[in-house]
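What the coordinates show
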Amino acid sequence: MCESVAGIVKSNKEETDHQLKEKLNDIEFRREELLRIRKDVVSEIDGLSIYRQRIMKTQMSVGRNSLAICQKCLNARERRLNIDLVRDDVERELLKEREMIKEAENLLGRVVGEICEKIRKLKATLYHIDNDQENKECNLQIDRRNVALKNTDFNLNTCQSILYPNKPVTIDEWEQQTNNNVIEANKEVNSSKQLRSYIDTIIKQTIDGLNEQKDATNKAFTHRNEQTQEAKKKLELRHSEVLKQIAAMTDNIAQIKNSISDKEGYIALVKERLGSRCQRPEAEVTRDLTEANLVKELYVLRNIVANLQQMLCEVRM
């Protein structure tokens, strides 16, 4: 009888030891799965955090540099004067560039918000994984101790009652909890990878669009500068021609004035001669050929002076 009972007890203990070892293997396997997926979750959190920092720096750079430079150009062009204050291609490209920069800044802000939300979900998933992993560690320690226990050990519980939880967890529920945590973690990790890929695409498209618009604006500036330089050269050439015309006109006026002054000397001479001949005595005062020639000379000189004065008036006008 004693041998039969001893055999049953030994068999039960061996079966229990086997089940404990199987349970330990199962717990260790699930713990390793949790550690593996935890590593992926932490890696995604770190990766998204780096993305968030880079995008926030890019957003600040876009606002402080690109937008500020574009606005500075627009403000500077407002100081143009008169006919130069036109809405040209440069103005349109600058306004378009400013709008694109603002849209890019808003887009980067929304991307940062999406990253923060995804980090929050990953941290929530990490919390459940850590909690499950901590429970698995505790369970491992307990069952490892149970495997190591022998019936000959001291301080074994021989009198304390065993307390069972009011609602013990079934094996299926226990397995499903870890499975759910792993599935949810994989889901969030894959979603995070897709988000990072989407962000890379969006950032590339945004940067390419801004660079293309910057090139279009620079091209408009170059073309406008060429037009301005050409107009400036034409104005300078015209200015030079006008100066030459003014100089020629000034010389002409001086020549006309000199000619009038010269002719006035001749007129004074003719008048003096006529006056002198009027002083001839008695019968000597005759209208001879000399008299007629002097009168004719005076008439001609007066006509010449009148014509020169008319020319002078026309030139001055």
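What counts, and where the lines are drawn
Residues numbered from 1 in each chain as written. Predicted model: local features only at pLDDT ≥ 70, side-chain atom pairs only at ≥ 80, totals over all residues. Heavy atoms only, no water. Helix = DSSP H or I, 4+ residues; strand = E, 2+ residues; numbered from the N terminus. Buried < 20%, exposed > 50% of the residue type's maximum accessible area, 1.4 Å probe, protein only. Contact = heavy atoms within 4.5 Å. UniProt positions renumbered as here; feature names shortened; annotations may be inferred. Polar contact = N/O pair within 3.5 Å; in protein donor to acceptor, adjacent residues only side chain to side chain.

We now examine the overall build of the chain. Of regular secondary structure, the chain possesses 4 helices and 0 strands. The helix and strand sequence of the chain, counted from the amino end, reads α-α-α-α. Sorting the 317 residues of the chain into buried and exposed places 26% on the buried side. For the chain, the proportion of contacts with a sequence separation of at least 24, taken over those separated by at least 6, is 86%.

A few words on the UniProt feature "coiled-coil region" (unreviewed entry) in the chain. In the UniProt entry, the feature "coiled-coil region" (unreviewed entry) is given for residues 218-252. Strand forms 0% of residues 218-252 and helix 100%; the C-alpha atoms that close the span are 50 Å apart.

Our focus in this paragraph is the environment of Arg-196. Locating Arg-196 in the fold gives a position in helix 3 (residues 171-277). Here the alpha-carbon distance between Arg-196 and Tyr-51, two residues 145 residues apart in the chain, equals 8.0 Å. Among residues more than four places away in sequence, those in contact with Arg-196 are Glu-44, Gly-47, Leu-48 and Tyr-51. Within the structure, Arg-196 has its side chain in polar contact with the side chain of Glu-44 (distance 2.8 Å).

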